[in-house]
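# Notes for the structure review
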Amino acid sequence: MELPEIGARCEVVIEYPRGSFVKRRSDGRVDFVSPLPCPYNYGHVPGIMSGDGDPLDAVVLGGRLPAGARVELAVVGIIDFVDVGQEDPKVIFSARPLTSLQRRGLELFFTVYALGKRALAAARGLDGATRFAGWRAR
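None of the values given here were measured: they were computed from a predicted structure. (Residues numbered from 1 in each chain as written. Predicted model: local features only at pLDDT ≥ 70, side-chain atom pairs only at ≥ 80, totals over all residues. Heavy atoms only, no water.)

For the structure shown, the criterion picks out 7 salt bridges. Between Asp57 and Lys90 there is a salt bridge whose closest N-O contact spans 2.6 Å. Here the residue Asp57 occupies a position in strand E5 (residues 55-60), and Lys90 occupies one in strand E8 (residues 90-94), the gap between them amounting to 33 residues. Of the two residues examined, Asp57 and Lys90, each falls in the buried class. In this structure, Arg136 and Glu87 form a salt bridge, with 2.6 Å as the shortest nitrogen-oxygen distance. Taken as a pair, Arg136 in the segment after strand E9 (131-135) and Glu87 in strand E7 (residues 86-87) lie far apart in primary sequence, 49 residues in all. For Arg136, a relative accessible area of 28% puts it in the partly exposed group. We classify Glu87 as partly exposed; its relative accessible area is 37%. Each of the salt bridges in this network shares a partner with another, and the network as a whole consists of Asp57, Asp88 and Lys90. (Salt bridge = Lys/Arg side-chain N within 4 Å of Asp/Glu carboxyl O. Helix = DSSP H or I, 4+ residues; strand = E, 2+ residues; numbered from the N terminus. Buried < 20%, exposed > 50% of the residue type's maximum accessible area, 1.4 Å probe, protein only.)

Written as C-alpha cells, this is what we have:
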C-alpha cells in the first residue's frame, strides 16, 4: 500500500457526509448504525487500496459535503489505525493546515471509534486488535 505524502493533493469520494449515522458496506448493505453522528465527511481515495483490502479511507475536514461528491484537497495528516488486526490508515484532507484542536478532536474520535469497532467485531465473532495507533510522522 502506497500512502500519499503530506501536502499531496488527491481526489476523495465522499461516502458518508458529516452528520451521518449509517455506515454501509461496499455492496450497499448497512454495516452499522452509530448512536452519534459522524463529525467528519468520510470517504475514500479512488485507486488506492488499504491494508484491509478496502479502498484507502479518507476524512475530509470542513462543512458537510453530499454523498458522492468528489473533491480534490491536500493531505494534512495520516492516522495509523488497526482494524481487526489489519492496517487501516485514515488519510486526513483539508483546504487548510491541521490545527492542534483538530488533531485532538481526530484523536478522540478515532479512539472512541475503535471502541465501537471492537464491540462490533466481538459481536461478529472476529478476532484481532482494533485501535487508534497514533499519527504517522509528518
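Structure's up, so let's keep going.
Looking now at the confidence of the model for the protein chain. Predicted confidence across the protein chain gives a mean pLDDT of 91, with 99% of residues reaching 70 or more. Of all the helices and strands in the protein chain, strand E3 (residues 30-33) carries the lowest mean pLDDT, 78, while E8 carries the highest, 98. (pLDDT = per-residue confidence, 0-100.)

Looking now at the environment of Gly7. Counting through the fold element by element, Gly7 comes out in the segment before strand E1 (9-16). By relative accessible area, which is 48% here, Gly7 ends up partly exposed. Residues Gly7 and Val76, spaced 69 residues apart in sequence, show a C-alpha to C-alpha distance of 6.2 Å. If we ignore the near neighbours within four places in the chain, the residues touching Gly7 are Ala74 and Val75. (Contact = heavy atoms within 4.5 Å.)

What follows is about the side chain of Asp57. On the basis of relative accessibility, which here comes to 12%, the residue Asp57 falls in the buried class. For Asp57, the side chain forms a polar contact with the side chain of Lys90, separated by 2.6 Å. Aside from chain neighbours lying at most four places away, what touches Asp57 is Tyr42, Gly43, His44, Asp88, Pro89, Lys90 and Val91. (Polar contact = N/O pair within 3.5 Å; in protein donor to acceptor, adjacent residues only side chain to side chain.)

It is worth spelling out the packing of aromatic side chains at this point. Scanning the model with the defined rule gives 7 aromatic pairs in all. With a centroid separation of 6.4 Å and an interplanar angle of 45°, the aromatic rings of Tyr16 and Tyr42 are classed as tilted. Here the residue Tyr16 occupies a position in strand E1, and Tyr42 occupies one in strand E4 (residues 41-49), the gap between them amounting to 26 residues. The class of Tyr16 is buried, set by a relative accessible area of 12%. Ring geometry for Phe81 and Phe110: centres 5.9 Å apart, planes at 65°, overall edge-to-face. Linking Phe81 in strand E6 (residues 70-83) with Phe110 in helix H1 (residues 100-123), this pair joins segments that are 29 residues apart in sequence. Among the residues examined, Phe81 registers a relative accessible area of 2% and is labelled buried. In textbook terms, an aromatic cluster arises when at least three aromatic residues are bridged by ring pairs, as seen for Tyr40, Phe81, Phe109, Phe110 and Tyr113. The lysine or arginine in question, Arg103, covers the ring of Trp135, its NZ or CZ lying 4.2 Å from the ring centre. (Phe/Tyr/Trp six-rings, centres within 6.5 Å; stacked < 30°, edge-to-face > 60°. Lys NZ or Arg CZ within 6 Å of the ring centre and 35° of its normal.)

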